[in-house]
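Close look at the chain arrangement
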Amino acid sequence: MIKSMYKEFLLSELNRFYDTNGFIPRRKDMLVKNNYPSVYTYRYYFESFGDAIRYAGLIGKPNIVKFWKYVDKKGISDCWQWNGTKDKDGYGRFFSGKHTKSHRLSYSLQYGDISEGMCVLHKCDNPSCVNPNHLFLGTHKDNSIDMVNKGRNPDIRGENNPYAKLTNEQIKEIRKLGESTDLSQQKIADKYGVCQRHISRILCNESRSSDL
Ligand SMILES: [Zn+2]
């Protein structure tokens, strides 16, 4: 079989495996155990395997089956408690190629992609809840108002943290910029010499105290 055909074949097998099991096998023996093609030599299989996964763009695809195993699913209007790892604020964390917040992943599984810079907020006052019916999209400003309304007290590590790249003054400026201008997060990030993700976290109040 020529290599491109083999690649295509592997790709379809991987997709099939993913649909059935909800995850991408990382080791060759996992495929073999599940009666996936063993007629090929391990060596050839293994050589093409990494490529095929990369080619398929499957790395980082959320592991949906594993995700729901951490969730205590209840009625449609109840809170669905996250039983996996949580961050210091009680938000669930989930790793699937990259770290994500569980409630954000739950939201995007139900409603589709979250546009850049938007926050996923809780209707209930329960950070570890991942019931999509309790989640809604909001801007950073909505998020700030929401946090104040819920009387949430963000931690006060801020610039006292020796790893902090920005002073409290700068954080204040960034939040003001985020709320009042059309400057993109990337532009703000460039201005302060940090990455866009960092700006997003600051604006979402996931990073640094929000009562600055
Ligand atoms: Zn809830």
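These numbers were taken from a predicted model, which means no experiment stands behind them. (Residues numbered from 1 in each chain as written. Predicted model: local features only at pLDDT ≥ 70, side-chain atom pairs only at ≥ 80, totals over all residues.)

1. Remarks on the overall build of the protein chain
- Helices and strands together make up the secondary structure of the protein chain, namely nine helices and six strands.
- Out of the 212 residues in the protein chain, the part that is buried amounts to 19%.
- Here the contacts in the protein chain between residues at least 6 apart in sequence split such that 54% fall between residues at least 24 apart. (Helix = DSSP H or I, 4+ residues; strand = E, 2+ residues; numbered from the N terminus. Buried ≥ 20, exposed ≤ 12 C-beta atoms within 10 Å, placed from the backbone. Contact = placed C-beta atoms within 7 Å.)

2. So, the confidence of the model for the protein chain
- Taken as a whole, the protein chain shows an average pLDDT of 72; of its residues, 59% reach a score of 70 or greater.
- The spread of mean pLDDT over the elements of the protein chain runs between helix α2 (residues 28-33), the lowest at 46, and strand β2 (residues 81-82), the highest at 96.
- Low confidence marks residues 28-48, where pLDDT is under 50. Its contacts with residues over four positions away, or in another chain, come to 16 contacts.
- Across residues 53-60, where pLDDT falls below 50, the model places 17 contacts with residues more than four positions away in sequence or in other chains. (pLDDT = per-residue confidence, 0-100.)

3. Concerning the nonpolar core
- The biggest cluster of nonpolar side chains holds 13 residues, and the ones touching the most others in it are C119, V120, I171, I174, I199, I202 and L203.
- Residue assignment for this core shows that the elements contributing at least two residues are β5 (119-122), α7 (168-180) and α9 (196-203).
- The residues that make up this core include at least three from each of domain 2 (64-138) and domain 3 (158-203).
- Filtering out sequence-adjacent residues up to four positions away, I199 remains in contact with I174, Q185, I188, A189 and V194. (Core = buried A, V, L, I, M, F, W, Y, C linked by C-beta atoms within 7 Å. Domains from an automatic or database assignment.)

4. Observations regarding the packing of helix α8 (residues 185-192) against α9
- At their nearest, the axes of α8 and α9 sit 8 Å apart, and the two run at 105° to each other. What the angle tells us is that α8 and α9 run roughly perpendicular. Across from Q185, Q186, I188 and A189 in α8, the residues of α9 making contact are Q196, H198, I199 and S200.
- In terms of residue class, the contact of α8 with α9 is built from three nonpolar, five polar and no charged. (Axes fitted to C-alpha atoms, helices over the stretch in contact; angles between N-to-C directions. Parallel < 35°, antiparallel > 145°, perpendicular 65-115°, else oblique. Nonpolar A, V, L, I, M, F, W, Y, C, P; charged D, E, K, R; others polar.)

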